[in-house]
Amino acid sequence: MAGNAERNPVKLPPWWTLDPVAEFRIGPRAFPGRIWTASGCFAYGLSGHDIASSEFDSPYTGLGAVVTKTVTPAPRSGNPMPRLCELPHGALNSIGLENVGYERFLQETLPELERRGVPTVVSLAATRPDEFGEMCEALQSTAAGYEHWHGVEINLSCPNVAEGGHDFGRNPETVARCVAVSREALPDRALLAKLTPNVTDVAELAAAAAEAGADAISVINTVIGLEVDLESGLPVLPRRYGGYSGPGILPIGLAKTDEIVQKTGLPVVGVGGIRTYQDALKYFALGAVAVQVGTAQMEDPFAAARVARDLTRA
Amino acid sequence: MAGNAERNPVKLPPWWTLDPVAEFRIGPRAFPGRIWTASGCFAYGLSGHDIASSEFDSPYTGLGAVVTKTVTPAPRSGNPMPRLCELPHGALNSIGLENVGYERFLQETLPELERRGVPTVVSLAATRPDEFGEMCEALQSTAAGYEHWHGVEINLSCPNVAEGGHDFGRNPETVARCVAVSREALPDRALLAKLTPNVTDVAELAAAAAEAGADAISVINTVIGLEVDLESGLPVLPRRYGGYSGPGILPIGLAKTDEIVQKTGLPVVGVGGIRTYQDALKYFALGAVAVQVGTAQMEDPFAAARVARDLTRA
Amino acid sequence: MNPSPSMVPARQYRATVLSNRPVSTGLIHLVLECDAPFGFLPGQFAMLNFTGAQRRTFGRPLSILAGEGLRAEFLYRVVGSGTADLSRLVPEDEMTLLGPLGTPFPDRPEDRDAVLLAGGVGLPPVLAWWDRHGRETDRAYFGGRDAGDLPRELLPAAWKMSIDRRQDGDDERLFEGRVPELARTDLAATGRGKSFVLSCGPLLLLQAARRLATEHDWPCFVSMEEHMGCGYGACKGCVVPLQPQPDSPDPWRNATCCQDGPVFDADDIVWNRIL
Amino acid sequence: MNPSPSMVPARQYRATVLSNRPVSTGLIHLVLECDAPFGFLPGQFAMLNFTGAQRRTFGRPLSILAGEGLRAEFLYRVVGSGTADLSRLVPEDEMTLLGPLGTPFPDRPEDRDAVLLAGGVGLPPVLAWWDRHGRETDRAYFGGRDAGDLPRELLPAAWKMSIDRRQDGDDERLFEGRVPELARTDLAATGRGKSFVLSCGPLLLLQAARRLATEHDWPCFVSMEEHMGCGYGACKGCVVPLQPQPDSPDPWRNATCCQDGPVFDADDIVWNRIL
Ligand SMILES: Cc1cc2nc3c(=O)[nH]c(=O)nc-3n(C[C@H](O)[C@H](O)[C@H](O)COP(=O)(O)OP(=O)(O)OC[C@H]3O[C@@H](n4cnc5c(N)ncnc54)[C@H](O)[C@@H]3O)c2cc1C
Ligand SMILES: Cc1cc2nc3c(=O)[nH]c(=O)nc-3n(C[C@H](O)[C@H](O)[C@H](O)COP(=O)(O)OP(=O)(O)OC[C@H]3O[C@@H](n4cnc5c(N)ncnc54)[C@H](O)[C@@H]3O)c2cc1C
Ligand SMILES: Cc1cc2nc3c(=O)[nH]c(=O)nc-3n(C[C@H](O)[C@H](O)[C@H](O)COP(=O)(O)O)c2cc1C
Ligand SMILES: Cc1cc2nc3c(=O)[nH]c(=O)nc-3n(C[C@H](O)[C@H](O)[C@H](O)COP(=O)(O)O)c2cc1C
Ligand code: FES
Ligand code: FES
C-alpha cells in the first residue's frame, strides 16, 4: 500500500484498453467490474465494510465482485490452530474451510450483502457432487430476485481439506458432474468453476467444466506447500501441508491461466499472487477477463480497490 | 552470500545431528557429503573450478556431489534466447536442455571431472526410455573404474522441453521403464530418479521409480511458470512457459519431499529453493538424505559450499 | 457488565516514526504520527507493517498503548524478524497502520473496582485501560523478568510490580515471584470488595487471573494472542474456541481473536482446547 | 592476432562503495573497494549484486572500466530496477562482486593500429583497452545521445565524439550523427594503414563496426550483451550463435556470452540469428 514502489506514478502500457470498472458479461450476467476479491481472503464480504482510508471511500470502491468465503452444506469449524504461516514470499494457510454453513449464509449474510449493494459471487464447496446442485437450488429460491448477487463460484480445489477435497478438482468427470448440477439450478447467474493448480493438466479440467456448462474458470487456488519450524524440525501447520498463496505463486497462476486460455479459449478469471496493478495486467495480457485479489487483501483491505483505481485510465 | 542476514552467526537446532561432509550411502555407493549442486546450475561441474574466494578453498569445498548438466543422446542447441528471466522470488528458465551430447560428455568431461576428483552424479535425459539404458551402458563401459563418479540422476522432468518431455515424468509406467533399463546397466552406482512437481501425485511416481530399482528420488525439478513483459503484454520467454526455480518454490519442494517421504519412505534428495543452511535444514527435518542447491549456485558459486560449511558443527 | 463501549472505526493510516526507544532491557516504546486523527479504546490493537522491501505478507498485531491526536503509541518486545526490523526503525521512517481493531476491554461497572494483571508485553492494553478509567481504589499489578525489564517511566506509581528473581541491589519493594502471587498477597493484605479482573500477558497469567476471579466470583476479561493474518475478521486465521451455543452439538464454537476478541470473557473460552 | 592475453582468475569479492556519482546526464561512475586485490583485462566484466533485502536472484553484469589495487570501477546507465537501486548506493554501502569474468579484447597486434568504436554504456571496455594499450596512432570514437550525455571527465583528449543532434551552444567539434559515420569521415580524412577494430555498444554500432572492418579487411572484435544468469558459464542462459564447426550439420553453434565472450571475433557471429 504505502510502499515506496507503490507510490510511483502508475504507468499503463499502450495495449491496456479495458475499463476495469465498466460493466462486462460473464455468461448470463453483467458484472460491474473486472477486479474482484478472492474467496476466503475477505470473509463473507462484510467484515471490511467500515474500514476507512484517506484514499478510498471504502474497500469496495471499484470492485466488480466480492467472492465470499466458501460455504459448505453443513457448518465447519475448520482445522486446528495455527492455521496460517507467513512465508517470505506469501503465506501458507490451512483454514480448513471454516464456515457457518450455507443455510445461515443464505439467511443472514446474502441478504445483508444485497442490502448493502455489494456485488457478490457465492463460493460453494461440498463433499458430494449433488450437494452443489442442492445448494444452488436453495440459493436460487432465496435470492432469485437479488440484484447484486451475480453468480456462483464452485470451489473444486481445496488442497487443505482432508476429506476427499483433492479428488473433486482432479478428475474431469467429477468436475463435470459438479458443474452440471449447479448449472441446472442456476439459469440466470454466472457459473464459475475454480480449479486447483495441483494437477498435471489443468486445461483438461477446464475443458470438462466448460463442456458441463461453466461460464468461466477461476484459477488458481492455492498451491500445496509446507513450511518447517527450524527450532522443532516439525511442520508449522498441524496438518503438515497448507495452501501457498501470495506473490510467490504469481508465475504459477499466470502459467495456468495461459494454459487454459491457449488450449480452451474459455473466459478465465485470474487469481494468484496479485498485489499491484502490474500483477493484474499480466493476467489481462494473457486474456483473463477479470482478476481476483486474495492474500494481498488481507494485509491491505484496499488492495483490490487500489488495483481497480490504478488500472483506470485518467 | 555477503547479505547482512547471512553473516549472522549460524544457529543450528538441537535435532540436527548429521555431519554434512561425512560419508553416507545411497544404494550401492558412498557419497562424500550431503550437500550437492543441482543439475543445470553448475554446468558440467568444471566452469566454477578456478573461482577464488577469501572464505573457501574452492566452490567444491565440502560438496557431496556435483550433478552435471543433463546430457541427452544427441547434442542439443537448446531454446531460442532469451532463456532466462529473473523474477522477484527466483527465476524462470527455458534453456531447453542445451548440451554437448553424452558422447562428447563421456569423452571429454567425465574424465576431466575424475582427474580433478570432483564427486559426480551424471544427469541424463532422453526421448525414448530405452535411450536411458544405452547411455547408462556407455557410461558404465567408459567409467566403470572411476572413483569419483558416484551415480546417475535420470531427469524425468523437464517442463521446458517441447518434444514429449512432459510425459516421461507424468506416467508411472514410463518412469518405471526408464528406471529399470538404467538400473540394469548400472550395477554399482547410485541411481536417482528426478521427478517433476507438475503432477497430481508425485508419491505415486516415486513409488514406481523405487519399485523399478531407483535408489533415491530427487525432487523437485522446476515448477511450470510464466512471466509477462508489461510493455509488450507478451510472455517474456519465446516458448511462453519456463521452469520456476529459487526461493519462491521452497514451500513446494518441501511439500513434495514430505509427500514422498511420508507415503513411500524412500530416500529423498531435496531440491528447490535452497539458498541458505536454514533452507537445507528444512529438507533434512522432513527426512531428506541430501540436498541440492540450484539457482542459488548461479549467483554465488560458493552457495552449496556455504551451506555445507554452515551445517557443520564446530 | 456495561454494554460495549462505543467504537472508533478502523482506518488505514500512513504513519511516521516519531520515536522508537527502549524503556527497559526488553521493551521498546514506539511512537507514531498518523496521517489522520487516531482514536482507540483500551484493549484494541493495530496491525503495523513496513513499507518498501521490508513489507511483510501480514502486518504485526500490537496492542495500542496510547493514542491521541495524530499520535499512536505501542510497546513491544523483539521476538522474531518483524519485531527485530521494527526495533531498527528511526524517526521519520514510514509505516502503515490498520486500526484500531478488535473488541476492547469493557468499561468499568461503577460498582466494582478493577484488579489489573499484566505481564511483559501484556502491559499496553491494561495500562491504556488504567490511563482512561483507573481510580484510586483499583489495584494494578505488573510482572517483568527482572528489575531491568520493568519500564519504570511508563508504570504509574500506584502499580505494584513483581520480578521472577530479585538480585542484589534491586528495589526492595519489588515482589519476588509471579504477578498472580503478588496480586493474591496484596489483595489479601488490603482486602477487596466487589471487583472485576482485566488481564493481558502470557497464557499462564491469564489462567491464573481467571482462577483468582472465579474464587471471588468476580467477572474476568482477558486479552488473547493468536497468530493473525488480516486482523479484521477476513481470513478466519486466528480463532479462539468459545463455549458452545446452548443448542449446538459442537463441543465449542470458534471466535476470531481479531474481531470477536482479542478481549474475551474468561468464562467463555474453552481453555483446555488452547493449552 | 596475438594469442589470448593471460587471465586474472575470477574471485568472489565483498566490496564497499567508495563513490557513485553521475559523470553525464545518463552515465554514473561507480567506484568500489574490494576486500582483496582486483585485477582484470580490458573487455572483461563483473557480476555485481546487493546485500540484504535488495539482493537479486542474479547479479548484474557490468564491464570493468578500471581496476587497480583494491579498486574496481564501472560506468552504468539506469535502465531497470537493478540499475535504479545501484544508482541509490552511497559510500560505505556493501555489495558483492564476482569477477573478472569473460574473454577480454585481444592485445594489440604490433603491426596494426587500433580503431575503437564505443557507444553509450559500451564505453568502459573500450576505454579500459585504450588506457592499457592505446598509442598515438590509434583512433577512438565515442557516441552519446547529446552533449550532456558525454562523460567528459573520463574521455581522453584524443577521442573524437559524436552526438545524435547538436543543440545551440554545443561544442562545435562534436560530430553530428552516429559513431560509425564519424569514424568513416575521420578515417577518410586522416587515412589509415593496417588497423584492427574493437567495438562495444548497441547492436547497430557493432554491425557497422564490422562492416567498416570488412571493407578494409581489418580484424574486428565486438563485445556482446546478453541477459545473464550466472556470468561464469554455469547455466547456458546467455548464448550467442557462432558460425558452425566446419564438419557440423548444425547451421550454428552456441557460445556463452559470459565465458566464451563477451568479446567475439565479429566474423564468428551468425548475425542474422540475433537481429
Ligand atoms: C492482539 C495482539 C496484541 C499484541 N500486542 C502486542 C504488544 O503490545 N506488544 C508486543 O510486543 N507484542 C504483542 N503481540 C505479539 C506480537 O504480535 C508478536 O510478537 C509479533 O507479531 C511477532 O512478530 P515477529 O515478526 O517478530 O515474529 P516472527 O515469529 O518472525 O513472526 C512470524 C509470524 O508469526 C506471528 N507471531 C509470532 N509471534 C506471535 C505472537 N506472540 N502473537 C501473535 N502472532 C505472533 C507474526 O505476527 C508473524 O505473522 C500481540 C499479539 C496479538 C495477537
Ligand atoms: C557483458 C556485459 C557487460 C555490460 N556492461 C555494462 C556496462 O558497463 N554498463 C552498463 O550500464 N550496462 C552494461 N551492461 C548491461 C547491464 O547488465 C544491464 O543494463 C543491467 O543488467 C540491467 O539491469 P536492471 O536490473 O536495471 O534492468 P532490468 O530490466 O530490471 O533487469 C531484469 C533482468 O534483465 C537483465 N538485463 C536487462 N537489460 C540487460 C542488458 N542490456 N544486458 C544484459 N542483461 C540485461 C538484468 O541483468 C536482469 O537479469 C552489460 C551487459 C553485459 C551482458
Ligand atoms: C486465508 C485464505 C483462505 C482461503 N479460503 C478460500 C476458500 O474458502 N475458498 C476458495 O476457493 N479459496 C480460498 N483461498 C484461496 C484464494 O481464494 C486464492 O485462490 C489463493 O489464495 C491465490 O490467490 P492469492 O495469491 O491472491 O492469495 C484462500 C486463501 C487464503 C490465503
Ligand atoms: C538455469 C537452469 C537450468 C537447469 N537445468 C536442468 C537440467 O539440465 N536438468 C535438471 O534435471 N534440472 C535442471 N534444472 C533444475 C534444477 O536442477 C533444480 O531442480 C531446480 O532449479 C530447483 O532448484 P533451485 O530452486 O535450487 O534452483 C535447471 C534449473 C535452472 C535454474
Ligand atoms: S486475523 Fe484474519 S480473521 Fe483474524
Ligand atoms: S550467464 Fe550462465 S552461462 Fe552465461
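Residues numbered from 1 in each chain as written. Chains lettered and ligands numbered in written order. Predicted model: local features only at pLDDT ≥ 70, side-chain atom pairs only at ≥ 80, totals over all residues. Heavy atoms only, no water.

Caption draft 1: Main features of the overall build of chain C. Counting its regular elements, chain C contains four helices and 16 strands. Compactness check: chain C gives a C-alpha radius of gyration of 18 Å against a globular reference of 19 Å for 275 residues, within 12% of the reference. When the backbone C-alpha atoms are referred to their principal axes, chain C occupies close to 60 × 55 × 35 Å. Buried residues in chain C amount to 58% of all 275 residues. Within chain C, contacts between residues at least 6 apart in sequence are counted, and of these 65% link residues at least 24 apart. For chain C, the distance from the average site of its 29 positive side-chain charges to the average site of its 36 negative ones is 2 Å. (Helix = DSSP H or I, 4+ residues; strand = E, 2+ residues; numbered from the N terminus. Rg over C-alpha atoms; globule rule 2.2 N^0.38 Å. Buried < 20%, exposed > 50% of the residue type's maximum accessible area, 1.4 Å probe, protein only. Contact = heavy atoms within 4.5 Å. Lys, Arg positive; Asp, Glu negative; His and termini not counted. Charge placed at Lys NZ, Arg CZ, Asp CG, Glu CD.)

Caption draft 2: Broad picture of the site of ligand 4. Residue and element names in this part refer to chain B. Close to ligand 4 lie 22 residues, the nearest being S39, T70, K194, G273 and T295. Within the contact set of ligand 4, a nitrogen atom lies 2.6 Å away from a side-chain nitrogen or oxygen of T70. For ligand 4, an oxygen atom lies 2.5 Å from a polar atom in the side chain of T295. Protein chains shield 98% of the accessible area of ligand 4, which is 610 Å² for the free molecule. Residues of the shell around ligand 4, tallied by class, amount to seven nonpolar, 13 polar and two charged. (Near = heavy atom within 4 Å. Polar contact = N/O pair within 3.5 Å; in protein donor to acceptor, adjacent residues only side chain to side chain. Areas by Shrake-Rupley, 256 points an atom, 1.4 Å probe, with all protein chains shown as cover. Nonpolar A, V, L, I, M, F, W, Y, C, P; charged D, E, K, R; others polar.)

Caption draft 3: Seen up close, the interface of chain A and chain C. Taken together, the 37 residues of chain A in the interface contact 34 residues of chain C. For the pair chain A and chain C, the summed buried area comes to about 3,100 Å², and 52% of that belongs to carbon and sulfur atoms. Among the residues of chain A in contact with chain C, M81, E86 and E299 of chain A are the three that bury the most area, contributing 21% of the side total. Along the contact surface separating chain A from chain C lie three salt bridges. We note a salt bridge from E55 of chain A to R14 of chain C, for which the minimum N-O separation is 3.8 Å. If you list the elements that add at least two residues to the side of chain A that touches chain C, you get α1 (4–7), β4 (52–53), β6 (84–87), β7 (90–93) and α9 (295–299) of chain A. The greatest single-element share of the side of chain A that touches chain C, amounting to four residues, is contributed by α9 of chain A. Class assignment for the residues of the side of chain A that touches chain C results in 15 nonpolar, 11 polar and 11 charged. (Buried area = accessible area lost by both parts, 1.4 Å probe. Salt bridge = Lys/Arg side-chain N within 4 Å of Asp/Glu carboxyl O.)

Caption draft 4: Molecular detail of the pairing of strand β12 (residues 195–200) of chain D. Residue and element names in this part refer to chain D. Within β12, six of the six residues are buried, which leaves the element mostly enclosed by the surrounding structure. Burial along β12 is two-sided: S195, V197 and S199 and F196, L198 and C200, pointing in opposite directions, are all buried. Direction of pairing for strand β8 (residues 113–119) relative to β12: parallel, over a ladder of six bridges. Each bridged residue has a counterpart across the sheet, and for A118 the counterpart in β12 is C200. Summarising the sheet, β12 and strand β13 (residues 220–223) pair through four bridges and their orientation is parallel. Residue pairing in the sheet places L198 in a bridge with F221 of β13. In this region the chain leaves β12, passes through helix α4 (residues 203–216) and returns to the parallel neighbour β13; the handedness of that crossover is right-handed. (Pairing = 2+ DSSP bridges. Right-handed = clockwise from strand over helix to strand, strands pointing away.)

Caption draft 5: Highlighting the domain arrangement of chain C. Residue and element names in this part refer to chain C. Domain assignment breaks chain C into domain 1 (11–101), domain 2 (110–217) and domain 3 (226–275). Here the C-alpha centroids of domain 2 and domain 3 sit 25 Å apart. In this assembly, four residues from domain 2 lie in contact with five residues from domain 3. Across the interface of domain 2 and domain 3, roughly 480 Å² is buried in total on both sides, 71% from carbon and sulfur atoms. By the criterion of area lost to domain 3, the three top residues of domain 2 are L203, Q207 and R210, representing 89% of everything that side buries. Between the two partners, domain 2 and domain 3, sit one salt bridge. Put simply, D267 and R210 hold a salt bridge, and the shortest N to O gap is 3.5 Å. Our count for the contact surface shared by domain 2 and domain 3 stands at zero residue pairs in polar contact (both at pLDDT 80 or more). (Domains from an automatic or database assignment.)

Caption draft 6: Fine view of the site of ligand 2. Residues and elements named next belong to chain D. Of all residues adjacent to ligand 2, which total 20 residues, the nearest are R60, P61, G82, T83 and E225. R60 places a polar side-chain atom, nitrogen or oxygen, 2.7 Å from an oxygen atom of ligand 2. In the environment of ligand 2, a nitrogen atom lies 3.0 Å from a nitrogen or oxygen atom belonging to the backbone of S63. In the complex, the protein chains occlude 84% of the 820 Å² of accessible area that ligand 2 would expose alone. Counting only elements with at least two residues in the shell around ligand 2, the list comes to β4 (60–63), β6 (71–76) and α1 (81–87). Partitioned by chemical class, the residues of the shell around ligand 2 number 10 nonpolar, six polar and four charged. Looking at the shell around ligand 2, you find at least three residues from each of domain 1 (11–101) and domain 3 (226–275).

Caption draft 7: Up close: the nonpolar core. In terms of nonpolar packing, the biggest core is built from 260 residues, with V152 and L311 of chain B, L117 of chain C together with L117 of chain D touching the most fellow members. Discounting chain neighbours no more than four positions away, the residues touching L117 of chain D are V126, Y141, V179, P180, A183, V197, L198, S199, C200, L205, A209 and L212 of chain D. The next biggest cluster of nonpolar side chains, apart from the first, holds 29 residues, and it includes L65, A66, A147 and I163 of chain C. (Core = buried A, V, L, I, M, F, W, Y, C linked by side-chain atoms within 4.5 Å.)

Caption draft 8: Seen up close, the relation of the copies chain B and chain A. The transform that puts chain B on chain A rotates by 180 degrees and translates by 0.0 Å along the axis, for an RMSD of 0.0 Å. Both chain copies can therefore be described as sitting about a two-fold axis. Here 100% of the contact residues of chain B are again contact residues in chain A; the copies associate through an equivalent surface. (Least-squares fit on C-alpha atoms with pLDDT ≥ 70 in both.)

Caption draft 9: Up close: helix α3 (residues 179–190) of chain D. Residue and element names in this part refer to chain D. The terminal C-alpha atoms of α3, which comprises 12 residues, lie 16 Å apart, in line with the 16 Å expected from a rise of 1.5 Å per residue. Those residues of α3 not exposed but buried are V179, P180, L182, A183, D186 and L187. Buried residues of α3, viewed axially, fall in a sector of 155 degrees; they line one side. Among the exposed residues of α3, those pointing more than 90 degrees away from its buried face are A188 and A189. In this structure, the buried side of α3 is in contact with β8, β9 (139–144), β10 (160–163), β11 (175–176) and α4. Positioned one or two residues after α3, G191 has a phi angle of 75 degrees, which is positive. (Expected span 1.5 Å × (residues − 1). Arc of directions from axis to C-beta.)

Caption draft 10: View of the confidence of the model for chain C. In the predicted model, chain C carries a mean pLDDT of 92, and 97% of its residues have values of at least 70. Confidence estimates for the predicted assembly give a pTM of 0.95 and an ipTM of 0.95. (pLDDT = per-residue confidence, 0-100.)

Caption draft 11: The arrangement of the packing of α3 of chain D against α4 of chain D in detail. Residues and elements named next belong to chain D. Two numbers describe how α3 lies on α4: the axes approach to 9 Å, and their chain directions differ by 25 degrees. Put simply, α3 runs roughly parallel to α4. Contacts between α3 and α4 involve V179, P180, A183, R184 and L187 on the former and, on the latter, L205, A208, R211, L212 and E215. (Axes fitted to C-alpha atoms, helices over the stretch in contact; angles between N-to-C directions. Parallel < 35°, antiparallel > 145°, perpendicular 65-115°, else oblique.)

Caption draft 12: Quick look at the packing of aromatic side chains. Inspection of the entire model under this criterion finds 22 aromatic pairs over all chains. When the ring of F42 of chain B is compared with that of Y60 of chain B, the centres are 5.5 Å apart and the planes differ by 45 degrees; the resulting orientation is tilted. Remark: Y60 of chain B occurs in the loop between β4 (52–53) and β5 (65–67) and F42 of chain B occurs in the loop between β3 (35–37) and β4; sequence separation between them is 18 residues. Residue Y60 of chain B is classed as buried on the basis of its relative accessible area of 12%. Aromatic side chains Y44 of chain B and F105 of chain B sit 5.8 Å apart centroid to centroid with 55 degrees between the ring planes, which places their arrangement in the tilted category. Here Y44 of chain B is found in the loop between β3 and β4, whereas its partner F105 of chain B is found in helix α1 (residues 102–116), with 61 residues between them in sequence. Among the residues examined, Y44 of chain B registers a relative accessible area of 11% and is labelled buried. An aromatic cluster is defined as three or more aromatic residues linked by ring pairs; in this entry it consists of W15, W16 and F284 of chain A. Positioned above the aromatic ring of W252 of chain D, the side-chain terminus of R273 of chain D is 3.6 Å from the ring centre. (Phe/Tyr/Trp six-rings, centres within 6.5 Å; stacked < 30°, edge-to-face > 60°. Lys NZ or Arg CZ within 6 Å of the ring centre and 35° of its normal.)

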